[in-house]
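Structural description and commentary
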Amino acid sequence: MKLAIVVGHNSASQGAVRQDTGESEFVWNGRLARRIERLATTYDLDVRVFHRTPGGGYRAEIRRVYDEVDAWRADASIELHFNSAASPEATGTETLTSGTALSLRLAESVQREMVVALGLRDRGIRTRAAQERGGGSLYAGRAPAILIEPFFGSSTRGQSATDEDSEQERLADAILRGTAEAFQSFPRTDLSGSRTIRAAETQRQAQ
């Protein structure tokens, strides 16, 4: 099945900044996206990375990138972010969902795996309306979508849980593992792998 990875923000507006490395969400998550893409075959997933292009304002940027996701016929999409807060004590992992059945299924599975991988506080799954912050990405495309905030870049706990290559690899793997588990309950869009369909085709040929 097809998983679209959308890198949050863009080259002109790069989002929050990690206090330890000075990397923006756009830069850090671009690297995470490449890790996810590389590890995808382990879970028999087809992953493609998408980037927002600057121009026309936030809504136009979101519409363009999710039009590309739709054109690719993704089965689901995950937009990559990380959190930031004025208080360095703010910490934890959370996932945003539109609240549809498949978006919730994906959110629950990915959130659980990320919490295990990073060992940070479970801030839970949060449903967003289209007009709320982050909501635009959850409703723009046809495929079930989630937006993840695995850690706070402003928190020493979040930084220490994600600063090593091995920790970033573990996070990428957790996202894929959660997605693969959720996809088991998704309806098939490609029936070529269905044993029932193959059996019916064999029977027709025999007749």
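Residues numbered from 1 in each chain as written. Predicted model: local features only at pLDDT ≥ 70, side-chain atom pairs only at ≥ 80, totals over all residues. Heavy atoms only, no water.

Once that is clear, we can look at the packing of aromatic side chains. Evaluated as defined, the whole model comprises five aromatic pairs. Aromatic side chains Phe82 and Phe151 sit 5.0 Å apart centroid to centroid with 25° between the ring planes, which places their arrangement in the stacked category. One end of the pair, Phe82, is in the loop between β3 (76–80) and β4 (93–97); the other, Phe151, is in the loop between β6 (145–149) and α5 (156–160), and 69 residues separate them in sequence. Residue classification places Phe151 among the buried residues on the basis of a relative accessible area of 0%. Taking the centre distance of 5.1 Å and the plane angle of 65° together, the rings of Phe183 and Phe186 count as edge-to-face. For the pair shown, Phe183 and Phe186 are each scored as buried. Put simply, the rings of Trp28, Phe82 and Phe151 touch in pairs and so form one group of aromatic residues. (Phe/Tyr/Trp six-rings, centres within 6.5 Å; stacked < 30°, edge-to-face > 60°. Helix = DSSP H or I, 4+ residues; strand = E, 2+ residues; numbered from the N terminus. Buried < 20%, exposed > 50% of the residue type's maximum accessible area, 1.4 Å probe, protein only.)

Here the focus is the layout of surface pockets. Using a probe with the size of a water molecule, rolled over the atoms, empty space left in the structure can be pinpointed. As a volume, the second largest pocket reaches approximately 440 Å³. Along the walls of the second largest pocket sit 20 residues, with His81, Asn83, Arg133, Gly134 and Glu149 positioned nearest its centre. Looking at the lining of the second largest pocket, the elements that each hand over two or more residues are β4, β5 (122–127) and β6. (1 Å grid on protein atoms, 1.4 Å probe; cavity = no way out; pocket = protein on both sides within 12 Å on 5 of 7 lines; lining within 4 Å. Points joined across faces, edges and corners; volume = space filled by probe spheres on them.)

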